[in-house]
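Structural overview
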Amino acid sequence: MSERISEKLTILSDAAKYDVSCASSGSDRKNENKGLGNASNGICHAYTEDGRCVSLLKILLTNFCIYDCAYCISRKSNDIKRAAFTVQEVVDLTMNFYRRNYIEGLFLSSGIFKNADYTMERLVLVAKKLRTEHQFNGYIHLKTIPGASDELMQEAALYADRLSVNVEMPTKESLRLLAPDKNRNDMLKPMRYIDKALTQNQEEKKLFKKAPTLAPAGQSTQMVIGATPETDLQILYMSHFFYQKIHLKRVYYSGYVPVSNDNRLPAMGTPVPFIRENRLYQADWLMRFYHFRVDEIVSPQEPLLDAQIDPKLSWALRNLQLFPVDINKADYMLIMRIPGIGLQSARKICEARKFSRLGMHHLQKIGIAVNRAKYFITTSDAPVLKDYQPMQIKEFILNEGSSKYKPNFSPQLKLF
Amino acid sequence: MQTVVYDSSFEGFFTAVFEIYEYKIKDPDIQQQGAAHVSLFGGRHTVHTDIAKATRVIKKLEAKLSADAFADIYRVLLSEQPGMENVLFRYIQYALQAAQSVETDYSHPDVLWIRQVVRKMGREKHRMEAFIRFLKTKDGLFYATVEPDFNVLPLIRKHFEDRYADQRWLIYDTRRKYGLYYDLHSVTEVTIDFAATLNDKASLRTLHDEQEDLYQSLWRTYFGSTNIQARRNMKLHIQHMPRRYWKYLTEKLPG
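Numbering of residues starts from 1 in each chain and follows the order in which that chain's sequence is written. Key to labels: chains lettered from A, ligands numbered from 1, both in the order written. For a predicted model such as this one, the threshold for reporting local features is a pLDDT of at least 70, and the threshold for listing and counting side-chain atom pairs is 80 or more; totals across whole chains, interfaces and linings nevertheless cover every residue. The side-chain values count all of the structure's non-hydrogen atoms but skip hydrogen atoms and water molecules.

Some points on the environment of A:Pro190
All names here are of chain A.
- Numbering of helices and strands runs from the N terminus, with a helix taken as a DSSP run of H or I at least four residues long and a strand as a DSSP run of E at least two residues long. Following the sequence through the fold, Pro190 ends up in helix α6 (residues 184-207).
- In sequence terms Pro190 and Ser149 are 41 residues apart; their C-alpha atoms lie 9.2 Å from each other.
- Throughout, a contact is declared for two residues whenever any of their heavy atoms are within 4.5 Å. Every residue in contact with Pro190, bar those within four places of it in the chain, is listed here: Pro146, Met153, Val165 and Gln219.

Rendered as structure tokens:
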């Protein structure tokens, strides 16, 4: 019996791993009545050899699927081993992993078998069992299955910390090409429904403290990057739409890992677009934490992010008229926009300058990337650098730094 | 220079601070009892921990510092960094004489040093919360052994108490030879020497719950199959999970 369970786990975690979301933060579920677990800030309990965080037990309930989406490893035309967990098996795995401090909770997704409602019902049943029969207060992330009934969505939100639907393709044209059975609006509909339910729930919570909290960690989604010809402009405007209009907590960008020979897709063996994925995440962070507007990051004139340098540095070089910034005087919001200074450093600078005027050596000690920042700041001691052109600054920074991506841009020909 | 020796307790340290002021000790060098580093020259003052004296210093500091900054002093004292008492003493002096709270004056070397040690402690605390792996015994005890870089057990206590409220657990620090034990009601410090038991892996195994091996092996299976080979990045893997922790990580141990 243990061999069978182990085989299922292999198949169904292998099939789930291309969903990059593993976050277990953003919830504030307390451990009530001496039950098991809680969910708050999220802990990465392990890191796989690809360097990704393992926070949740991320599995599919089954990889049987009625759909045939080209980018998906579980599509029905793919000749792979199929398996399905029972509800109780998933519950047992979650409880036993959690008790040993292996995980923060469960991320349960599924191929679509029979129909949307039938699938969603089983996902909800797992969450319900964990919460009500086992007093489990750890983190639960459920996939919402497009097309499932409103009642099931509502029930899912009652037990889960986070819900998500993956739009997968950044535009509806790509979706039509690669997932002809799916329809863009069918995916947006449950997102909008849940968004409305969550907003309503927040209003209720204000009136009745006892009202149950629905999905405290909100919703997220994922877009596959590099499988289709979208520009970064299209992708980031899509994210902007999700953050602004549907109040998603996270958008994930998943560099396409070739999983099948299909002439609509990059061939097997095509490298994963790591750099692009990284730049998109940096741009996403600028929007979510650094108060950048999406049109400051990409524009119709420059629809692609610069692969060589990060989007914040890129922005600064396009806007040199705003610099140099006086570290001892400038507003916090401007300090956080200086290349080489992160949110924490920006905060530290604003705290520390109340005590004494800050010089370069202070900044170095505080931990900012002085080599990068020095072209954009004035301090109490360092002389103002002369006026360089954007291209010169870019050259200097690229030559000084040892970016892990450097080999990708080396002009030297690599023979081996 | 005068060496001021205290008993390494939290209250002992604050008593020392009080007495340095009380006896107007010039240029003090605060050391823990039994520490090798005792100056040959200059005098020696031995502190006898006095709760009343300690409390007066603590009260004064609480008025001068935020609750977080005060807790940072406690965290630094758990860090076992050489010379930490002297830095803390200078910091306390600075805090007491200043009109405003000095905890965010990062241009001051002592403030910055404390900040950095606290960050290191925070990182180690977080790693323990992440990397502790419990094993289940036949009588339902979940136990784990650790060897943290700093004395962080007092800092992780609340996390585990809140989370694992419905199971008995024990976290044992093999380097400092003490542990935390939760008996379904409260957490207590235990100092039994487990070393002999823990080294005898074979007999330890007979104490395990019959499903323990199964779940360990399922966890290893999961850890292996959730990895994406096309994205392999060992440098990042090791950066996040430094090798020194591997000996406790079920997923990194051979089955």
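Structural notes on the sheet that holds strand β1 (residues 2-6) of chain B
All names here are of chain B.
- Strand order in the open sheet made by the three strands is β2-β1-β3, with parallel pairing throughout. Of all the strands in the sheet, just β2 (28-32) and β3 (44-46) have a single pairing partner and so form its edges. Each adjacent strand pair in this sheet contributes to an overall mean axis angle of 25°, direction not counted.
- Note: β1 against β3, three bridges, orientation parallel. The residue of β3 that forms the bridge with Thr3 is Arg44.
- Across the sheet, helix α4 (residues 84-97) lies against β1 and β2, angled at about 135° from β2, the strand it touches most. In this analysis, strands are considered paired if DSSP registers two or more bridges between them. For helices, the axis comes from a line fit to the C-alpha atoms of the stretch in contact; other axes are also lines fit to C-alpha atoms, and the angle between any two N-to-C directions lies between 0 and 180 degrees.

A short note on the interface of chain A and chain B
- Contacts between the two partners involve 57 residues from chain A and, on the opposite side, 59 residues from chain B.
- Between chain A and chain B the total buried area reaches about 5100 Å² when both faces are included, carbon and sulfur atoms providing 56% of it.
- Every case where a carboxyl oxygen of Asp or Glu lies within 4 Å of a side-chain nitrogen of Lys or Arg is listed as a salt bridge. For the interface between chain A and chain B, the tally reads five salt bridges.
- Residue A:Glu277 pairs with B:Arg231 through a salt bridge whose shortest N-O separation is 2.7 Å. Buried area: the sum, over both parts, of the accessible surface (1.4 Å probe) that disappears when the two are put together.

Let's talk about the sheet that holds strand β7 (residues 178-182) of chain B
All names here are of chain B.
- Read across the sheet, five strands follow the order β4-β5-β6-β7-β8 without closing on themselves; strand pairing throughout is mixed. Each end of this open sheet is capped by a strand with a single partner; those strands are β4 (135-136) and β8 (187-190).
- When β7 meets β8, the two strands line up antiparallel, connected through four bridges. Each residue of the ladder has a partner; that of Leu180, found in β8, is Glu189.

Some details on the pattern of salt bridges
Residue and element names in this part refer to chain A.
- Inspection of the entire model under this criterion finds 41 salt bridges over all chains.
- With a closest N to O distance of 3.0 Å, Glu296 and Arg337 form a salt bridge. Placement of Glu296 in helix α9 (residues 294-297) and of Arg337 in the loop between α11 (332-335) and α12 (343-352) is noted, with a sequence separation of 41 residues between them. Pair check on accessibility: Glu296 and Arg337 agree, each one buried. For every residue, the accessible area (1.4 Å probe, protein chains only) is compared with the maximum for its type, and the residue is labelled buried under 20%, exposed over 50%, or partly exposed between those bounds.

Concerning unusual backbone geometry
- A cis geometry characterises the amide bond from A:Phe323 onward to A:Pro324, with omega recorded as 0°.
- Relative to the helices and strands, A:Pro324 is located in the loop between α10 (311-318) and β9 (325-326).
- For A:Ala215, which is not a glycine, the phi torsion comes out positive at approximately 25°.
- Mapping A:Ala215 onto the fold places it in the loop between α6 and β7 (219-225).
- A positive phi angle, near 55°, is found at B:Asp27, a position not held by glycine.
- Along the polypeptide, B:Asp27 turns up in the loop between α1 (10-22) and β2.

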